[in-house]
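# Topology and contacts: notes
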Amino acid sequence: MSLNYDQAIQKYEPTLGLEVHVELNTKSKMFCGCATEFGAEPNTQTCPVCLGLPGALPVVNQTAIESSILIGLALNCSIAPFSRFARKNYFYPDMPKNFQTSQYDEPICVNGYLDVEIETDEGNKVFRIDIERVHMEEDTGKSLHVGGSTGRIHGAEYSLLDYNRAGIPLVEIVTKIVPNTGKYAPQVARAYVAALRDILRGLKVSDVKMEQGSLRCDVNLSLAPSGSGELGTRSETKNVNSLRSVETAVSGEILRQANRLQSGEKIVQETRHFLEESGQTRPGRSKEQAEDYRYFPEPDLVPVVPDNKWIEELRKSLPEKPADRRKRLQSEWSVPEKEMTAMVNAELLDTVEETVKLGADPTKARSWWLGEISRIANERDVVATELISVTAVAQIINLINQGELTDKLARQVVDGVIAGEGTPAEVISKRGLKVVSDDGALMKAIEDAIAAQPDTAERVRSGNIPAAGALIGAVMKATGGQADAAKVRELLLKHLGQ
Amino acid sequence: MSIRSSATEMAEALARKEISAVELANQHYAQIEAVDKDVHAFLHLDKAGALAQAESIDKKRTAGEKLSPLAGVPLALKDVLVQKGVPTTCGSKMLEGWRPPYDATVVTKLKDAGIVILGKTNMDEFAMGSSTENSAYGPTHNPWDLTRIPGGSGGGSAAALAAFEAPLAIGTDTGGSIRQPAAVTATVGVKPTYGGVSRYGLVAFSSSLDQAGPCARTVLDTAMLHQSIAGFDPKDSTSINHAVPDVVAAAKKKDVKGLKIGIVKQLSGAGYQKGVENKFNEAVAELVKLGAEIVEVSCPNFEYALAAYYLIAPSECSSNLARFDSMRFGIRIGDDGSKGAEEVMNLTRQVGFGREVKRRIILGTYALSSGYYDAYYGSAQKVRTLIKRDFDAAFEQCDVLVSPTAPTTAFKIGEKSEDPLAMYLNDIATIPVNLAGLGGMSLPCGLAEEDNLPVGFQIMSPAMKDDRMYLVGGALEAALLSKWGKPILDFAPSLVGSK
């Protein structure tokens, strides 16, 4: 009999640990001047330094240090007055020097925290995630294994190497162990990564695109019998690359480990790979055979000793914290908590805010982005903001407010803009989508409708107001939907003595 | 002027247009042609490149352009510095046929100064050795006695100077690789303060110890070359952003009156050849005659320098040499389509590296391993700090320190190649300077009476006080020259064509 999630969580207490790798969006690489643009032709963004050619030497990218300090400050860390790079030695073809230059026992930021809020059965609850360290390192190149069925190195006919990514600055953010999340471990993990992503986006230090790998998460998880106060053996699930996957990886590991423990087996300390398709993990290399990385201080670089004055300037330059911003916008826009959550979850808070800044009213901006536009985006499996610009949406909403468009017409304008027919104004003119506001034309349509449905008109005259719906519908149909329904209703009722 | 002249004299003859840079380069190529089959100082000659460069200098001179002091003077470049398009092997089979796509900063500076690079000189593989016997391309022979070693690792550069194949050379010094070859060939070599000369493009053996430096036949020539290659380089994070001391002025001053010269007690006695100690003491006596004050200083931790060095250098080398994996450059062995990358890397490294290199990689890998790190690498770093403190204390009592450069004169080729520890002991007097990151010079101070072979005199300066070495070296050189009546290399047996 295998345990289900609720049973698992009753018997065992999970402990989390999260390591997040963030690719910084600096223009040049960590230790050389090469460009960092995503998607360039293979091996076009390389030089003697990032190819690890004999004789080449690294020089630290100052912007990467600044970004790392900003991240540390935003996560309430202390900034180390003295930190160093080390060499992590291991052989792999996509690692040019066969060592990774990474901070090890002397990271640039230590001891911070991040508070995350999740919905629980007892209402919203804040969990504090303690941050152990934020450190800098360089990314490796990429291997592409050609031939063979799995795309993995075993069975491949040959491999191609692209060193464009080699040397891209990475920041690794490591939490301390996160205890006492109970059954909410998956949600807490997800909320943490989401909150971190929002902070990084706000700091403008990374593109934080999980699907492109500019934010990657490793999930550490262990179980101990509930109430034992012990710490179990952990597994590390690598490269979990979406928020949903973070949640799935945690719940999946809780189930897997609980069922192993339940059947008397031991948890092996190992690295596991997350499989996006199934949401399951498969074992990778066991930590017992882990390599000895022979870390030692990087002799080609001098220690990082940031000036205190500079740190204070950076602290002052920090943007508003995402949680604070959310509270402020909620009150400015007077929208319910639930709607704020919906916008954040849909990753459309920035977009809605930009739309509001262009003059749209908050409620309409929210409902257009989260409603019609998101619906089309979901159908086409794209991101809403890739379909239509903030400017176009703001213009459409403003036209609705000015009575130039009805909601129905506006939907057609949105369709036209998405279809590439031009700006909202161009779509309106091309498609002839103008609200019929000419009273004469409307009265003609109203009189036609009454003539066609005399019985209905009579019922309205005698006080049956809801019956007017059928007449209004006829008028709307006759005007091709270009009339303002409220205005039709007003004119019709007046005409029928109501 | 002849090929036996100093670089300074050659530069003057060029400036007076008595000879062209092309003619001067050709004279040296003729000498190389005549003697290098016996000496084997060079691994590669870049005749086309050098002559083209010489020609462009001549054109500029004819056009009346302002040129650097050494413009048109030829130089031999140790094969551990990369030169764009010119084969760079580091004396290793691993890099056979590799042509670097970029210039080392030192090479850029040489080119900018109009110095003509004749070719690349032989060396112990990846600069690991004290005899140049560890070159994958065969040993270099000491022009003083072709059956003997020219020192190492920069034996090729030193031998090229002593055999008049070039008046200037570049060496690199991790534990004595500039100074010990200078000592056993009666030439001058300087290891500048760590960070004084850029390491960008110097193929790393031990990053925290490596330093490129100037080699020549006179102290002034060495100073002129030092001035040409030194200075801050933004491409080398460990490069010092500080004005280069005026070493040329110091070399010309020839006045050591009142200067305090410290003799390091620990760098003498057991292990030092009698004739080496005698020549050293005679040189010290010359300095006293010139008005210098002699003090004896004690550096008790020097005893551990060799041990610390043979942990730190191999540790760094085990990591630095990891990049030689056949993936991006150099030779590739076993890539027949049936083997994986890891296997090809293994085969390539088995074939590509020589015994001494493998020995040090294994030593360093072990020293950095978890569980051993603190006892080996960690302790060695502590010793390094103690050695620095010894130097600090010594320099409170004196302006420079002196010692014999090497404990013995040149030994026979093959004599120590089966005994690595005996070989390592050759660097016992030069290693402390590298561990502390200071400056060190070797200049000839005579011939040992037992074997009539050259003895080197080492001068050590505090960091960024490199001018002091030149001050003392210039004065001592002048005194010894007047005592001998002719340059020391004139006492060397004549090689074919070296008249």
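Notes on the structure in this doc start here. Just so we're clear, the structure is a prediction, and the values are computed from it rather than from any experiment.

### Details of the overall build of chain B
- Within chain B one finds 16 helices and 11 strands.
- By its C-alpha atoms, chain B is 70 × 55 × 45 Å across when sized along the principal axes.
- Of all 499 residues assigned to chain B, the portion counted as buried reaches 62%.
- Considering only contacts in chain B between residues 6 or more positions apart, those separated by 24 or more positions represent 77%.

### As for the overall build of chain A
- Check the secondary structure of chain A and you find 17 helices and 14 strands.
- A compact globule built from 498 residues would reach a C-alpha radius of gyration of about 23 Å, whereas chain A, at 29 Å, exceeds it by more than 25%.
- For chain A, the spread of C-alpha atoms along the principal axes amounts to about 90 × 55 × 55 Å.
- Long-range contacts, defined as pairs at least 24 residues apart, comprise 68% of the intrachain contacts of chain A with a sequence gap of at least 6.

### Observations regarding helix α14 (residues 439-452) of chain A
Residue and element names in this part refer to chain A.
- With 14 residues, α14 ought to run about 20 Å at 1.5 Å a step, and its terminal C-alpha atoms sit 20 Å apart, in line with that.
- Those residues of α14 lying buried are L442, A445, I446, A449 and I450. Summarising the axial view, the buried residues of α14 lie within an arc of 140 degrees, below the 170-degree limit, and thus occupy one face. Exposed and facing more than 90 degrees away from the buried side of α14 are G440, A451 and A452.
- Of the surrounding elements, those touching the buried residues of α14 are α15 (454-461), α16 (468-478) and α17 (485-495).

### What to know about the pairing of strand β2 (residues 74-78) of chain B
Residue and element names in this part refer to chain B.
- The element β2 is largely enclosed, with a buried count of five among its five residues.
- Both faces of β2 are covered, namely the face carrying P74, A76 and K78 and the face carrying L75 and L77.
- The handedness of the β2 to strand β3 (residues 116-121) crossover, carried by helix α4 (residues 105-112), is right-handed.
- Pairing of β2 with strand β4 (residues 168-172), which is carried by three bridges, proceeds in the parallel orientation. By the bridge assignment, L75 is partnered in β4 with L168.

### Section: unusual backbone geometry
Residue and element names in this part refer to chain B.
- A cis amide bond links G152 to the next residue, S153, at an omega of 5 degrees.
- Secondary-structure assignment places S153 in the loop between β3 and α5 (155-162).
- Even without being a glycine, F164 presents a positive backbone phi close to 60 degrees.
- Structurally, the position occupied by F164 is in the loop between α5 and β4.
- The backbone of S326 sits at a positive phi, close to 75 degrees, despite the residue not being glycine.
- Judged by local crowding, S326 falls into the buried class, with 22 C-beta atoms found within 10 Å.

### Quick word on the pairing of strand β4 (residues 99-102) of chain A
All names here are of chain A.
- Here β4 shows two buried faces, one formed by F99 and T101 and the other by Q100 and S102.
- By the bridge criterion, four bridges tie strand β3 (residues 86-89) to β4 in an arrangement that is antiparallel. The residue bridging N89 from the neighbouring strand is F99, located in β4.

### Some words on the sheet that holds strand β6 (residues 212-216) of chain B
All names here are of chain B.
- Taken together, 11 strands build an open sheet; the order of strands is β1-β3-β2-β4-β6-β5-β10-β11-β9-β7-β8 and the sheet is mixed. For this open sheet the edge positions go to β1 (42-45) and β8 (293-297), each flanked by a neighbour on one side alone. Going across the sheet, the axis of each strand differs from the next one's by a mean of 30 degrees, ignoring polarity.
- Relative to β8, strand β7 (residues 260-264) is paired through five bridges, and the arrangement is parallel. When the bridges of β8 are listed, G262 appears paired with V295.
- Sitting on the sheet, α5 touches β1, β2, β3, β4, β5 (188-191) and β6, and the angle it makes with β4 is about 160 degrees.

### Examining the environment of B:M123
All names here are of chain B.
- Structurally, M123 can be placed in the loop between β3 and α5.
- Spatially, the C-alpha atom of M123 lies 5.0 Å from that of S153, the residues being 30 residues apart in sequence.
- Excluding its chain neighbours within four sequence positions, the residues that come into contact with M123 are K78, D79, V80, G91, T132, S135, S153, G154, G155 and G156.

### Examining the interface of chain B and chain A
- Facing 33 residues of chain B, the contacting portion of chain A comprises 26 residues.
- Residue assignment for the side of chain B that touches chain A shows that the elements contributing at least two residues are α10 (305-320), α11 (341-352) and α12 (355-368) of chain B.
- The element that contributes the greatest number of residues to the side of chain B that touches chain A is α10(B), accounting for three residues.

### Regarding the nonpolar core
- Core analysis: the largest hydrophobic core is formed by 234 residues, its most contacted members being A:V188, A:A189, A:Y192, B:L75, B:L81 and B:V116.
- The element contributing the most residues to this core is helix α3 (residues 185-203) of chain A, with 10 residues.
- In terms of nonpolar packing, the next biggest core, distinct from the first, is built from 46 residues, A:L349, A:A377, A:A394 and A:A474 among them.

### As for the packing of helix α8 (residues 349-357) of chain A against helix α11 (residues 390-401) of chain A
All names here are of chain A.
- One can describe the packing of α8 onto α11 by two numbers: an axis separation of 9 Å at closest approach and a directional angle of 55 degrees. Taken together, α8 and α11 sit at an angle that is classed as oblique. Remark: the crossing between α8 and α11 carries right-handed chirality. Counted together, T351, E354 and T355 of α8 and V390, V393 and A394 of α11 form the full contact between these two elements.
- Considering only residue class, the contact of α8 with α11 consists of three nonpolar, two polar and one charged.

### Observations concerning the environment of A:A470
Residue and element names in this part refer to chain A.
- Checked against the element boundaries, A470 lands in helix α16.
- Spatially, the C-alpha atom of A470 lies 77 Å from that of A86, the residues being 384 residues apart in sequence.
- If sequence neighbours within four positions are ignored, A470 has contacts with Q453 and T456.

### Structural notes on α12(B)
Residue and element names in this part refer to chain B.
- Here α12 is 14 residues long and its end C-alpha atoms lie 20 Å apart, about the 20 Å a rise of 1.5 Å per residue gives.
- Looking only at α12, the buried set comprises V357, R360, I361, G364, A367 and L368. For α12, the angular spread of the buried residues around the axis is 130 degrees, confining them to a single face. Exposed and oriented more than 90 degrees from the buried face of α12 are R355 and I362.

### Points about the environment of B:N452
- Mapped onto the elements, B:N452 comes out in the loop between β10 (439-447) and β11 (454-461).
- A C-alpha to C-alpha distance of 9.0 Å links B:N452 and B:G275, two positions 177 residues apart in sequence.

Conventions we followed
- Residues numbered from 1 in each chain as written.
- Chains lettered and ligands numbered in written order.
- Predicted model: local features only at pLDDT ≥ 70, side-chain atom pairs only at ≥ 80, totals over all residues.
- Helix = DSSP H or I, 4+ residues; strand = E, 2+ residues; numbered from the N terminus.
- Buried ≥ 20, exposed ≤ 12 C-beta atoms within 10 Å, placed from the backbone.
- Contact = placed C-beta atoms within 7 Å.
- Rg over C-alpha atoms; globule rule 2.2 N^0.38 Å.
- Expected span 1.5 Å × (residues − 1).
- Arc of directions from axis to C-beta.
- Right-handed = clockwise from strand over helix to strand, strands pointing away.
- Pairing = 2+ DSSP bridges.
- Axes fitted to C-alpha atoms, helices over the stretch in contact; angles between N-to-C directions.
- Core = buried A, V, L, I, M, F, W, Y, C linked by C-beta atoms within 7 Å.
- Parallel < 35°, antiparallel > 145°, perpendicular 65-115°, else oblique.
- Left-handed = near helix turned anticlockwise from the far one by under 90°.
- Nonpolar A, V, L, I, M, F, W, Y, C, P; charged D, E, K, R; others polar.

That is the geometry; function is a separate question.
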